[in-house]
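The lines below spell out each chain.
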Amino acid sequence: MRVDAAAWIRAFAALIDEHADELTALDAAIGDADHGTNMRRGMAAAVAALDDSTPDTAAEIYKQTAMVLIRTIGGASGPLYGTFFLRLATALGDDPETSTDIGDFARVFRAGLDGVIARGKAEPGDKTMIDALAPAADALEKQAADRTDHSTTGADTTETGSAALDAAVAAAASGRDATTALVARKGRASYLGERSAGHQDPGATSAALLVRAARQALR
């Protein structure tokens, strides 16, 4: 399996554009009411950068995307999504592909998640994007472990890759939905205290779209 890096960025941008109003409405309830607008601007800029010059390797694509997002997305989202993609680039190194098997993609995705955790100082249950990304990472790693336990060929098939990403998408969506009942402990939403409960987190919502975009970019 391979998640095409450029296709992932483009698919994420398309999903963000489609759901920008929803993201902004969610953010209006517990934040600054600008998450959808900021993410749409940043991802549009990332796609424009790809249109202008698509790097040769996945790592370079992720690094370029990270720099664009850090520069163009306001608030905390730019540094957090930028860090995610930077960590992907670092984990890949000079590998010309995004991943060669489930285990490799799970490793790279986990590196991105760890970067976001380190940058944002958040944990699962804090009502942030981590609540969507962490379950997705866990699902990918479980699929990788199951493949290792049962594989006789040593190679991933398209069906295997699809199952892994499908599991990650479902896990991210469940994590996103679970944020509704949580009390925010990080970011602007935390200022609301108990009043933040009952609202779906916009960061977890955009993060779930990131995972869905990876599924769409599976080759």
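A short tour of the structure in this document, coming up. Worth saying up front: this structure is predicted, and the values here are computed from it rather than measured.

1. Thoughts on the side chain of Thr-65
- Summarising the element assignment, Thr-65 is placed in helix H3 (residues 58–72).
- When sequence neighbours within four positions are dropped, the list of residues in contact with Thr-65 reads Ile-9, Ala-46 and Phe-85.

2. Topic: helix H5 (residues 102–120)
- With 19 residues, H5 extends 27 Å between its outermost C-alpha atoms, agreeing within 8% with the 27 Å of an ideal straight helix rising 1.5 Å per residue.
- The complete set of buried residues in H5 reads Ile-102, Asp-104, Phe-105, Ala-106, Val-108, Phe-109, Ala-111, Gly-112, Leu-113, Gly-115 and Val-116.

3. Points about the nonpolar core
- One finds Trp-8, Phe-109 and Leu-133 to be the most contacted residues of the largest nonpolar core, which totals 64 residues.
- Only helix H1 (5–30), helix H2 (35–52), H3, helix H4 (77–92), H5, helix H6 (130–150), helix H7 (158–178) and helix H8 (202–216) provide two or more residues apiece to this core.
- Per-element tally for this core: the top contributor is H1, with 11 residues.

4. Overview of the environment of Ala-137
- Residue placement: Ala-137 occurs in helix H6.
- Classification of Ala-137 by relative accessible area gives buried; the value is 0%.
- A sequence separation of 26 residues divides Ala-137 from Ala-111, and the C-alpha atoms of the two residues are 9.5 Å apart.
- Setting aside residues up to four positions removed in sequence, Ala-137 forms contacts with Phe-109, Arg-110 and Leu-113.

5. Here's the deal with the packing of aromatic side chains
- Counted according to the given criterion, the structure contains nine aromatic pairs.
- Aromatic side chains Trp-8 and Tyr-62 sit 5.9 Å apart centroid to centroid with 90° between the ring planes, which places their arrangement in the edge-to-face category. Of this pair, Trp-8 sits in helix H1 while Tyr-62 is found in helix H3, placing the two residues 54 residues apart along the sequence. The same class applies to Trp-8 as to Tyr-62, namely buried.
- Pairing Trp-8 with Phe-85 gives two aromatic rings, centres 6.1 Å apart and planes at 65°, and the pair type is edge-to-face. You can see Trp-8 sitting in helix H1 and its partner Phe-85 sitting in helix H4, a full 77 residues away along the chain.
- Given the relative accessible area of 0%, Phe-85 is considered buried.
- Taken together, the ring pairs connect Trp-8, Tyr-62, Phe-84, Phe-85, Phe-105 and Phe-109 into an aromatic cluster.

Cut-offs and rules
Residues numbered from 1 in each chain as written. Predicted model: local features only at pLDDT ≥ 70, side-chain atom pairs only at ≥ 80, totals over all residues. Heavy atoms only, no water. Helix = DSSP H or I, 4+ residues; strand = E, 2+ residues; numbered from the N terminus. Contact = heavy atoms within 4.5 Å. Expected span 1.5 Å × (residues − 1). Buried < 20%, exposed > 50% of the residue type's maximum accessible area, 1.4 Å probe, protein only. Core = buried A, V, L, I, M, F, W, Y, C linked by side-chain atoms within 4.5 Å. Phe/Tyr/Trp six-rings, centres within 6.5 Å; stacked < 30°, edge-to-face > 60°.

Spatial relationships are all this shows, so hold off on functional conclusions.
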